[in-house]
Amino acid sequence: MRDSKIELMSPAGNFEALMAAIQGGADSVYFGVEQLNMRARATMNFTIDDLEEIARICGEQDVRTYLTLNTIIYDHDLSLMKVIVDRVKEAGITAIIAADQAVISYAFTKGVEVHISTQSNITNIETVRFFSHFADVMVLSRELSLLQVKKITDAIEREQIKGPSGNLIEIELFGHGALCVAVSGKCYMSLHTHNASANRGACIQNCRRQYKVIDIEEGYELEIDNEFIMSPKDLCTIDFLDQVIDSGVKVLKIEGRGKGADYVKTVTQCYREAIDSCLDKTYSKEKVANWMERLTEVYNRGFWSGYYLGQKLGEWTSQPGSVATKKKVFLGRGSHYYSKLGVAEFTMETQKLKAGDHILITGPTTGVVETVIEEMHVNDDGKKEVAVKGDKFTIKLDTQIRPSDKLYKIVDSEAVAQ
Amino acid sequence: MVTIIQQRNKCIGCNYCVELAPERWRMSKKDGKSVLLGAVDKKGFWNVKVNEDELEANKRAAEACPVNIIQVREH
């Protein structure tokens, strides 16, 4: 692992995002398998058979691996839960992230390292002491302020509260990404309206929609400036990351297992640079401005500091979806890579591409590659300025691409809207 | 005649189908997903033909399914 005082943990919803997290400089990744994770609805979850491959890839890069097993657990889930924990041990996955006592207890008896999930909503030192019998790392509730976090980390140090490994308990904190209006992972809104329990990873996020407030007796509708009254902006801590580190947390977690590989790479890169600059004392306002600009280019609903700085009221987004300043437009797929020449060939399936355009390539092995088209050769016609649907074109590229890779053009969001 | 179809690999094991149509559904203790009793697998789509008297309960199960993987067709 990197020689950093704070571990950067990135989300991995699939192999593309996993590679992107590694390329971005993550110290660790977290991911789910099968239906017992908080992204059970996602179509892109890993399966239990991917565990060995994940462990292998991350092992080569010295990146720690955490499997989320943090839904509520019914009786009929127990067998699968045990199978998953057993396979985690066999595959050499670093630890599991758990909330239910059945999972914590079983993993503990099997000698699998346990981290306590945010779904356990730890908010005080006594709960830390309780879980220290089973777990070495604990996520604190997202609703705590940094002052409260520091009191907890100070108490761990002062009272020498240690986990099963014999080391002091490490505190993990959410640093970036979507926030729930409800207590993390304890919301029943989606369950009540669509039978889709957030606690089983099936949340349909209908809190993100617009709502009206109507007086039922007389039908008067209250005027509300922002109709997205339950949809918070995304958490962002990069502009006060020095304070986050000073609070004594050891792991900084980026949210977003449902998000694309480009999001994972950009956010991981920004926080990697920010953590490193905090440690080498070069953290500055200019750097923060640059990171903020890059973070706004990928998926976001606007940013706020959450509750970490003691703010009492939430900040609501004013948009139904992302307000990212850049969007990616699908163009086609990789065709071939001429490794001796360092030339990549792509097939255009839609849209058009010009010299000077900014492109993004993503794939399960490739991860995320970005470049600007300087010159391209189209079909057998030699150097050309434009490639269109049906064309094959080649560009100089240092990184190997593969036929499974997707090709996108990065454009300003405003250009897409027009 | 009624046909019930389940796209089983997408089941998240919430148990609603069992609650609403217990005669036709069970939770598997092996993999934690629901089992459509009597059904046969056709490329991931498990289906079974049942009598009209099972229609209402299974319609409710289909409506309740949070991941929309149950279909009930009347013939």
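Residues numbered from 1 in each chain as written. Chains lettered and ligands numbered in written order. Predicted model: local features only at pLDDT ≥ 70, side-chain atom pairs only at ≥ 80, totals over all residues. Heavy atoms only, no water.

1. What about the overall build of chain B?
- Of regular secondary structure, chain B possesses two helices and six strands.
- Along the chain direction, N to C, the helices and strands of chain B fall in the order β-α-β-β-β-β-α-β.
- For chain B, the C-alpha radius of gyration of 11 Å lies close to 11 Å, the compact-globule estimate for 75 residues.
- In terms of its C-alpha atoms, chain B occupies a principal-axis envelope of roughly 30 × 25 × 20 Å.
- Relative to its 75 residues, chain B shows a buried fraction of 49%.
- Summarising the internal contacts of chain B: among those between residues at least 6 apart in sequence, 61% fall at separations of at least 24.
- Total accessible area on chain B is roughly 4,200 Å²; 49% of this is exposed by carbon and sulfur atoms.
- Taking the average place of the 13 positive charges on the side chains of chain B and the average place of its 10 negative ones, the gap between the two points comes to 9 Å. (Helix = DSSP H or I, 4+ residues; strand = E, 2+ residues; numbered from the N terminus. Rg over C-alpha atoms; globule rule 2.2 N^0.38 Å. Buried < 20%, exposed > 50% of the residue type's maximum accessible area, 1.4 Å probe, protein only. Contact = heavy atoms within 4.5 Å. Areas by Shrake-Rupley, 256 points an atom, 1.4 Å probe, with all protein chains shown as cover. Lys, Arg positive; Asp, Glu negative; His and termini not counted. Charge placed at Lys NZ, Arg CZ, Asp CG, Glu CD.)

2. Overview of the sheet that holds strand β5 (residues 45-50) of chain B
Residues and elements named next belong to chain B.
- Taken in spatial order, the four strands make up an open sheet running β4-β5-β1-β6, and their pairing is antiparallel. Both edges of this open sheet fall to β4 (40-42) and β6 (70-74), since each of them pairs with a single strand only. In this sheet, adjacent strand axes meet at a mean angle of 25° when their direction is disregarded.
- Strand direction decides the pairing type here: strand β1 (residues 2-7) and β6, joined by five bridges, are antiparallel. Considered in β6, the bridge of Val-2 is made with Glu-74. (Pairing = 2+ DSSP bridges. Axes fitted to C-alpha atoms, helices over the stretch in contact; angles between N-to-C directions.)

3. A look at the nonpolar core
- Ranked by size, the top nonpolar core spans 93 residues in total, and within it Leu-67, Ile-96, Leu-241 and Tyr-271 of chain A carry the most contacts.
- The dominant element in this core, judged by the number of residues it contributes, is helix α9 (residues 261-279) of chain A, at nine residues.
- Setting aside residues no more than four positions away along its own chain, Leu-241 of chain A makes contact with Leu-252, Tyr-271, Ala-274, Ile-275, Cys-278 and Tyr-283 of chain A.
- Membership of the second largest hydrophobic core comes to 24 residues, among which are Ala-21, Met-27, Val-50 and Leu-55 of chain B. (Core = buried A, V, L, I, M, F, W, Y, C linked by side-chain atoms within 4.5 Å.)

4. Digging into the sheet that holds strand β18 (residues 376-378) of chain A
Residue and element names in this part refer to chain A.
- Taken in spatial order, the eight strands make up an open sheet running β17-β16-β22-β13-β14-β21-β18-β19, and their pairing is antiparallel. Unpaired on one side and paired on the other, β17 (367-372) and β19 (383-384) mark the two borders of the sheet.
- Pairing of β18 with strand β21 (residues 392-396) involves two bridges; the strand directions are antiparallel. When the bridges of β21 are listed, His-377 appears paired with Thr-394.

5. Focus: unusual backbone geometry
- The phi dihedral of Gln-160 of chain A falls on the positive side, at around 50°, and the residue is not glycine.
- Mapped onto the elements, Gln-160 of chain A comes out in the loop between α6 (146-158) and β7 (170-177).

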